[in-house]
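Structural overview for review
In case you want the letters, here they are:
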Amino acid sequence: MEDSAYDAERIQVLEGLEAVRKRPSMYIGSTDYHGLHHLVYEVVDNSIDEAMAGFCTSINVVVNDDGSVTVEDDGRGIPIGMHKKYKQDALELVLTKLHSGGKFDRKTYKVSGGLHGVGLSVVNALSEWLEVRVKRQGKVHFQRYERGVPAGPIKVEGEAKETGTTVRFKPDPQIFESVEFSYDTLSGRMREFAFLNKGLKVSISEPKSSQANAYKFDGGIVEYVQFINRSKTCLHEKPIYIFTERDGLAVEMGMQYTDSYAENIYTYANNINTSEGGTHLVGFRAALTRTINDYAKKYAFLKTNGDSLSGEDVREGLTAILSVKLPEPQFEGQTKTKLGNSDVRGLVESAVSEKLFEYLEENPKVAQACISKAILAAQAREAARKARELTRRKGLLDVGNLPGKLADCTERDPTKCELFLVEGDSAGGSAKQARDRSFQAVLPLRGKILNVEKARLDKMLKNAEIRTIITAFGTGIEQELDVDKARYHRVCIMTDGDVDGAHIRTLLLTFFFRYMKPMIERGYIYIAQPPLYRVKKGKAEKYAYGDKELSESAQELGEGAEIQRYKGLGEMNPEQLRVTTMDPSTRILKRATIEDAVEVFTVLMGDAVEPRRLFIHDHAKEVEFLDV
Ligand code: 0RA
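Residues numbered from 1 in each chain as written. Predicted model: local features only at pLDDT ≥ 70, side-chain atom pairs only at ≥ 80, totals over all residues. Heavy atoms only, no water.

What follows deals with the confidence of the model for the chain. Summary statistics for the chain give a mean pLDDT of 87 and a share of 90% for residues scoring 70 or more. Here residues 100–117 is modelled with pLDDT under 50, and outside its nearest four sequence neighbours on either side it reaches 66 contacts, counting other chains as well. A low-confidence stretch, residues 602–628 (pLDDT under 50), is modelled with 50 contacts involving residues beyond four sequence positions or located in other chains. (pLDDT = per-residue confidence, 0-100. Contact = heavy atoms within 4.5 Å.)

It is at 7 Å that the axes of helix H6 (residues 183–196) and helix H7 (residues 221–228) come closest, and there the two elements cross at 130 degrees. By the angle class used here, H6 and H7 are oblique. Taking contact as the criterion, the partners of Arg191, Glu192, Phe195 and Leu196 in H6 are, on H7, Ile221, Glu223, Tyr224 and Phe227. Broken down by class, the residue content of the contact of H6 with H7 amounts to five nonpolar, no polar and three charged. (Axes fitted to C-alpha atoms, helices over the stretch in contact; angles between N-to-C directions. Helix = DSSP H or I, 4+ residues; strand = E, 2+ residues; numbered from the N terminus. Parallel < 35°, antiparallel > 145°, perpendicular 65-115°, else oblique. Nonpolar A, V, L, I, M, F, W, Y, C, P; charged D, E, K, R; others polar.)

Of all hydrophobic cores here, the largest spans 57 residues; its most connected members are Val40, Val44, Val61, Val132, Phe169, Met190 and Ile321. In terms of residue count, helix H3 (residues 33–52) provides more of this core than any other element does, eight residues in total. Among residues more than four places away in sequence, those in contact with Val61 are Val40, Val44, Val69, Thr70, Val71, Met190, Ser203, Ile204 and Ser205. Within the second largest apolar cluster, 42 residues are counted, among which are Val452, Phe511, Phe512 and Ile594. (Core = buried A, V, L, I, M, F, W, Y, C linked by side-chain atoms within 4.5 Å. Buried < 20%, exposed > 50% of the residue type's maximum accessible area, 1.4 Å probe, protein only.)

Here the structure, examined in full by the defined rule, presents one cavity of 30 Å³ or more. Every residue along the wall of the largest cavity is listed here: Thr495, Asp496, Gly497, Pro530, Pro531, Leu532, Tyr566, Lys567, Gly568, Leu569 and Met572. Among the residues making up the lining of the largest cavity, the classes are represented as six nonpolar, three polar and two charged. (1 Å grid on protein atoms, 1.4 Å probe; cavity = no way out; pocket = protein on both sides within 12 Å on 5 of 7 lines; lining within 4 Å. Points joined across faces, edges and corners; volume = space filled by probe spheres on them.)

With that settled, the discussion passes to the packing of aromatic side chains. All told, the structure shown has 11 aromatic pairs when counted by the stated rule. Judged by centre distance (3.9 Å) and plane angle (10 degrees), the rings of Phe195 and Phe217 are stacked. Of the two residues, Phe195 sits in helix H6 while Phe217 sits in the loop between strand E11 (211–215) and H7, which places them 22 residues apart along the sequence. Residue Phe217 is classed as buried on the basis of its relative accessible area, which comes to 13%. Between Tyr224 and Tyr268 the ring centres are 6.3 Å apart and the planes differ by 45 degrees, which places this aromatic pair in the tilted class. With Tyr224 in helix H7 and Tyr268 in strand E14 (residues 264–269), the pair connects residues that are 44 residues apart, well separated along the chain. A relative accessible area of 6% places Tyr224 in the buried class. Judged by its relative accessible area of 0%, Tyr268 is buried. Ring-pair connections join several aromatic residues into one group, and the members of that group are Phe195, Tyr215, Phe217, Tyr224, Phe227 and Tyr268. Between the NZ or CZ atom of Arg76 and the centre of the ring of Phe55, over which it lies, the distance is 3.8 Å. The ring of Phe227 carries the charged tip of Arg230 above its face, separated from the ring centre by 4.2 Å. (Phe/Tyr/Trp six-rings, centres within 6.5 Å; stacked < 30°, edge-to-face > 60°. Lys NZ or Arg CZ within 6 Å of the ring centre and 35° of its normal.)

A word on the sheet that holds strand E24 (residues 540–544). One open sheet holds the three strands; their spatial order is E24-E23-E25, and the pairing between them is antiparallel. Where the open sheet ends on each side, the last strands, each with one partner, are E24 and strand E25 (562–565). On average, each strand axis in the sheet is tilted by 20 degrees relative to the strand beside it, whichever way the strands run. Two elements, strand E23 (residues 533–537) and E24, share five bridges in a ladder whose sense is antiparallel. Within the sheet, the bridge partner assigned to Lys537 lies in E24 and is Ala540. Running at roughly 165 degrees to E24, helix H17 (residues 547–557) makes contact with E23, E24 and E25 of the sheet. (Pairing = 2+ DSSP bridges.)

The environment of the ligand is formed by 13 residues, the closest being Asn46, Glu50, Asp73, Arg76 and Arg136. The contact in question runs from an oxygen atom of the ligand to an N or O atom on the side chain of Arg76, over 3.3 Å. Coverage of the ligand by the protein amounts to 89% of the 460 Å² it exposes when considered alone. Per-element accounting of the shell around the ligand gives the leading share, three residues, to H3. (Near = heavy atom within 4 Å. Polar contact = N/O pair within 3.5 Å; in protein donor to acceptor, adjacent residues only side chain to side chain. Areas by Shrake-Rupley, 256 points an atom, 1.4 Å probe, with all protein chains shown as cover.)

Given below as structure tokens:
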């Protein structure tokens, strides 16, 4: 009886793991770069849970030479010993039973840092091998798994005074498209974890590249806000900070106004970046608008009684981090990064309203800085509205006023039309010759693209390049945006492969994100991928889009192959440009996603030129290619 129950359990476990291996994307979102990195976040997340429960102070991540990753913590250790109900060792249960990872025997919030909070068993199932060491009850316990199945029993390896868990795993190349980790990506996420969990030490290292970082922020999200604003001009010295915990919901918020015009609100639910927003963001925004207005009225900052500051006014120049923690987060939206729990809205709104009002009462100088900024924003918005109206009245954005620089296509069905935004007049000229004029339009961009983070809409509308782009799109902008009017369903940003090209691309993406977000959401924005090299021998030639491909191509063509490195689009003749970058049957295009845009900001948030340049440089190499 006992044995058959045990066998049944084993079969169930095997079936569970098999399901994960058959459809990994159901559990980790994808098997690409993102899915691969999620494995690490998932493991670290279990340690974060332990930290949130108050038992773990330090987490150490190592990217090992053999392609495996080690995550070590000093928590209580995964429980060891026979579980009465399941008749299996608790450790084995945590590592093999789906959805047992964190919930099992745990009373704290289940903090799902992985895409779906799926637990260690999923990581185990998707690893070629996984080794776990648990220090607990005075001993070091060890077990190894291969593709999720125990490779042997749990063994005692030795004595241990302390407690803790170490998980080392090697992602299965049978599952993942690539099994190479990006240190920068992992390190950035560890920094984020550390910001969101004050006092927790998170270290990461990669011996192979001699890189190492250790993050610990006793100020938590207050330091996070300061970090984002590090090279901006802030309007009050210390970020406003509030924390409340009621009805099973913890709300933590840090905010600080800067002299910029953009709104930077980052929201998290259980340490997950909710880039699509959700109920916590809605509640926060409502609270902010209401509280600032209430305070402004109480202290007569607003003259007439009917006057009030809009949501946009009170968010202009604001940097804020909102982090909520709750027992059962529901993630919705296209990328499962939108918090859905409906009760959270009201809870966040009342918590933030109450605490923020208190804060402003206690810090009148800070309050004055916030309100002056919002009043200025209201006045500027009025100016922008007038500019917009004038622009409209003069018909400056009407399709009838299509810019002369635009070489339009003959096709009129937007679903078939493509627009190439090309850096520079000379590349623009080549692109005009290279295109298929029946469905491909070309708009050369010359001169500077305004940095939208630094200019208000009225100024933006005075910029010829920006106006030309809006007119060519046919969609209008911001509140008046109508994506259904888009004249092209593929807009391809085509810039040089150098640092300046990357900068222009970033500025354009930022502009689309701020003023035409639905164009990105609909998937209408693309990034062209011109090759970095041409390899030539005699009549044979090949194009390479990365270093790995370059060495492969060079090898294929054999000794004496000539390598040309393209520094700009201008170095290609029209025919080469057509084959490599524009012709749908041979080119590579990458669709820009909201995540791309968000990633661009999180690193480019500051104004410091150096980190910005470095970032673009590093990442220029590792864009993912997507064939469409
Ligand atoms: C289940 C129950 C308890 C702790 C854990 C799991 C746990 C899991 C992981 C994964 C990585 N590090 C971890 N640390 C702890 C509670 C154990 C108790 O009550 O002593």
